[in-house]
Protein chains: 2
Amino acid sequence: MIRNKTTEYALTILGFMATRNEDMYSAEYLHKQLNIPRRYLRRLLTDLSKHGFLKSTSGRNGGFVFAKDLEEINLDLVISTLERYDAINTCILGFSCCIVDKPCIMHDIWMEARSKMVEILSNTTLADLKEKYQMDLIKKL
Amino acid sequence: MIRNKTTEYALTILGFMATRNEDMYSAEYLHKQLNIPRRYLRRLLTDLSKHGFLKSTSGRNGGFVFAKDLEEINLDLVISTLERYDAINTCILGFSCCIVDKPCIMHDIWMEARSKMVEILSNTTLADLKEKYQMDLIKKL
DNA sequence: ATATATTACTACCTTTTTGTAGTATTTATA
DNA sequence: TATAAATACTACAAAAAGGTAGTAATATAT
Ligand code: FES
Ligand code: FES
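All figures in this text were calculated on a predicted structure; none of them were measured in a lab.

Novice: I tried to follow the side chain of E8 of chain A on my own but got confused; where do I start?
Specialist: With respect to the helices and strands, the residue E8 of chain A is situated in helix α1 (residues 5-19). Within the buried set, E8 of chain A has no salt-bridge partner at all; the shortest N-O distance to an opposite charge, 4.5 Å, is to R3 of chain B. Beyond its immediate chain neighbours, meaning those up to four positions away, E8 of chain A contacts I2 of chain A together with R3, T90, C91, L93 and G94 of chain B.

Shown next, in the form of structure tokens:
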């Protein structure tokens, strides 16, 4: 699942950006909004650019925007890009080779729970988040 | 969820012990069976004793046995005892105060998936693992 | 042109997690 | 009683993750 803070930060950032309507997001602005440590945030942002999620422009008035359509970015993609280990496809009892090799006694029921997660994660795109956010805003009026 | 290798090791160990019928499990034996680094395993075993899952006897022929009934140990208990951070009750978008404070847009659907996991984890005791294991053995005959 | 506001790069520091080493203690058995 | 096979304790080492610092590069605005 989500093992690292970095992944969490990434989801925070992308989720935030997806639900607002700014033309451009500078690291400094995101830092103030999201309270993620400045320099670490910067690094993560260039990382997200290298991974093709964002597009950066240097210089004054520079910042970050999405490099692709929001429909193309689902949460599972973000997570699996940033997480070093695949915690989802890991045996819950800690035995190696879940799925491929012989399954452990928890395998079936655990798979059921996990596939529900994966389903949600891979079916939720940033565009969905945006839509949901705007709907929620309207409801509150 | 399961963030640390240590937690994974713990589940491996307890799951293994629960499904076999030895009178006593020495660190050396478990090391050979489970391939967990010797010294680290030892430490984890005394840790599991301190947490009340196991009971140790020193000296020759010593080793570890369960300190309570298998019915009393569910997987969620093991995980929450060993994990430093509560990864289950964490906002998936990385915002703070999931549950207590105002929920994010993913909250409801994410909760649904998580509660399924927690349900499975907390409803599965080591006794269940043992039963399942033995049933599986019979099926294979 | 110069100052300013931005990202990019590289190296380092700190904390947490994982793993190792040495020595002491306990206890059964020969 | 000596030996061997265990756990217990404490400190250290290595690796990974999280976070910081300095400086270079880029582009806009004045
Ligand atoms: S093998 Fe254990 S969960 Fe799949
Ligand atoms: S507040 Fe985000 S998942 Fe609960």
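Novice: I keep staring at the packing of aromatic side chains and nothing clicks. Help me out?
Specialist: Each aromatic ring pair is characterised by the separation of its centres together with the angle its planes make. All names here are of chain A. Applying the stated criterion to the full structure yields six aromatic pairs over all chains. An angle of 50 degrees between the planes, with centres 6.4 Å apart, marks the rings of F16 and Y29 as tilted. You can see F16 sitting in helix α1 and its partner Y29 sitting in helix α2 (residues 27-34), a full 13 residues away along the chain. Residue F16 is classed as buried on the basis of its relative accessible area of 5%.

Novice: When you look at the protein's contact with DNA strand C in this model, what are you seeing that I'm missing?
Specialist: By nearness alone, 28 residues border DNA strand C, and T46 and S56 of chain A together with K5, T6 and R39 of chain B come closest of all. One nitrogen or oxygen atom from the side chain of T6 of chain B is found 2.6 Å from a phosphate oxygen belonging to DNA strand C. The contact in question runs from a base oxygen of DNA strand C to an N or O atom on the backbone of R60 of chain B, over 3.2 Å. It is helix α3 (residues 38-50) of chain A that provides the largest number of residues to the surface near DNA strand C, a total of four residues. By residue class, the composition of the surface near DNA strand C is six nonpolar, 13 polar and nine charged.

Novice: Before we go on, may I ask you to explain the relation of the copies chain B and chain A in this structure?
Specialist: Here the second copy of the chain follows from the first by a rotation about an axis and a shift along it. For the pair chain B and chain A, the best superposition has an RMSD of 0.1 Å and corresponds to a rotation of 180 degrees with a translation of 0.0 Å parallel to the axis. Overall, the copies show the geometry of a two-fold rotation axis. The rotation axis passes nearest to the C-alpha of R3 of chain B in chain B, at a distance of 2.5 Å. When the interface residues of chain B are mapped onto chain A, 100% of them are again interface residues, pointing to one common binding face.

Novice: Would you mind going over the interface of chain B and chain A with me for this structure?
Specialist: Where interface size is quoted, it is often the accessible area lost as the parts come together. If you look at the interface, chain B gives 33 residues, while chain A gives 33 residues. Here chain B packs against chain A, burying approximately 3,000 Å² in sum over the two surfaces, 74% of which is carbon and sulfur. In terms of surface lost to chain A, no three residues of chain B exceed R3, I105 and M117 of chain B, which account for 22% of the buried area on that side. If you look at where chain B meets chain A, you find two salt bridges. Here E112 of chain B and K116 of chain A are joined by a salt bridge, their closest N and O atoms 3.0 Å apart. Those elements that place two or more of their residues in the side of chain B that touches chain A are α1 (5-19), α5 (107-123) and α6 (126-140) of chain B. For the side of chain B that touches chain A, the element with the highest residue contribution is α5 of chain B, accounting for nine residues. Split by residue class, the side of chain B that touches chain A holds 19 nonpolar, six polar and eight charged.

Novice: Got a minute to help me understand the protein's contact with DNA strand D in this structure?
Specialist: Around DNA strand D, the surrounding shell holds 28 residues, and the nearest of these are T6, R39 and R43 of chain A together with T46 and S56 of chain B. When atoms of DNA strand D within 4 Å of the protein are split into backbone and base, the sugar-phosphate part holds 59%. Separating a phosphate oxygen of DNA strand D from a side-chain N or O atom of Y9 of chain A is a distance of 3.0 Å. A distance of 2.8 Å separates a phosphate oxygen of DNA strand D from a polar backbone atom of A27 of chain B. Where the surface near DNA strand D is concerned, the elements lending two or more residues are α1 and α3 of chain A together with α3 (38-50), β1 (54-57) and β2 (63-66) of chain B. The dominant element in the surface near DNA strand D, judged by the number of residues it contributes, is α3 of chain B, at four residues. Counted by class, the surface near DNA strand D contains six nonpolar, 13 polar and nine charged residues.

Novice: What am I meant to see in the pairing of β2 of chain B here?
Specialist: Along any regular strand the residues' side chains alternate between the sheet's two faces. All names here are of chain B. Both β1 and β2 contribute to a ladder of four bridges, which runs antiparallel. Along β2, the bridge assignment pairs S56 with F64. Between the end of β1 and the start of β2, which pair antiparallel, lie five residues, with G59 showing a positive phi angle near 75 degrees.

Novice: Can you walk me through the environment of S115 of chain B in this structure?
Specialist: All names here are of chain B. Topologically, S115 is positioned in helix α5. For S115, a relative accessible area of 41% translates into the label partly exposed. Remark: the alpha-carbon pair of S115 and N89, spanning 26 residues in sequence, is separated by 9.6 Å.

The rules behind each value
Every chain is numbered independently, its residues counted from 1 as its sequence is written. Labels follow written order: the first chain is A, the first ligand is 1, and so on. Predicted model: local features are reported for residues with pLDDT of at least 70 only, side-chain atom pairs are reported and counted for 80 or more only, and whole-chain, interface and lining totals are derived from all residues. As a rule here, side-chain values cover all heavy atoms of the structure and leave hydrogens and water aside. Secondary structure counts use DSSP, requiring at least four H or I residues in a row for a helix and at least two E residues in a row for a strand, with both numbered from the N terminus. Relative accessibility under 20% of the residue-type maximum defines a buried residue, over 50% an exposed one, and the middle range a partly exposed one, all with a 1.4 Å probe and only protein chains included. Counted charges follow a simple rule, with Lys and Arg positive, Asp and Glu negative, and His plus the chain ends left uncounted. By convention in these notes, a salt bridge is any Lys or Arg side-chain nitrogen within 4 Å of a carboxyl oxygen on Asp or Glu. Here a residue-residue contact requires only that any non-hydrogen atoms of the pair lie within 4.5 Å. When two rings of Phe, Tyr or Trp (its six-membered ring) have centres within 6.5 Å they constitute a pair, described as stacked for plane angles under 30 degrees, edge-to-face for angles over 60, and tilted for the intermediate range. Consider each residue's heavy atoms; a residue with any of them within 4 Å of a molecule or strand counts as near. The definition of a polar contact used here is a pair of N or O atoms within 3.5 Å, where within protein one atom must be able to donate a hydrogen and the other to accept one, and adjacent residues in sequence count solely through side-chain atom pairs. Here the nonpolar group is Ala, Val, Leu, Ile, Met, Phe, Trp, Tyr, Cys and Pro; Asp, Glu, Lys and Arg are the charged ones; every other residue, Gly included, is treated as polar. Only residues with pLDDT of at least 70 in both copies count here: their C-alpha atoms drive the least-squares fit that superposes the copies. Buried area: the accessible area, evaluated with a 1.4 Å probe, that two parts lose upon being put together, summed over both parts. One bridge is not enough; two strands pair if DSSP finds at least two bridges between them.

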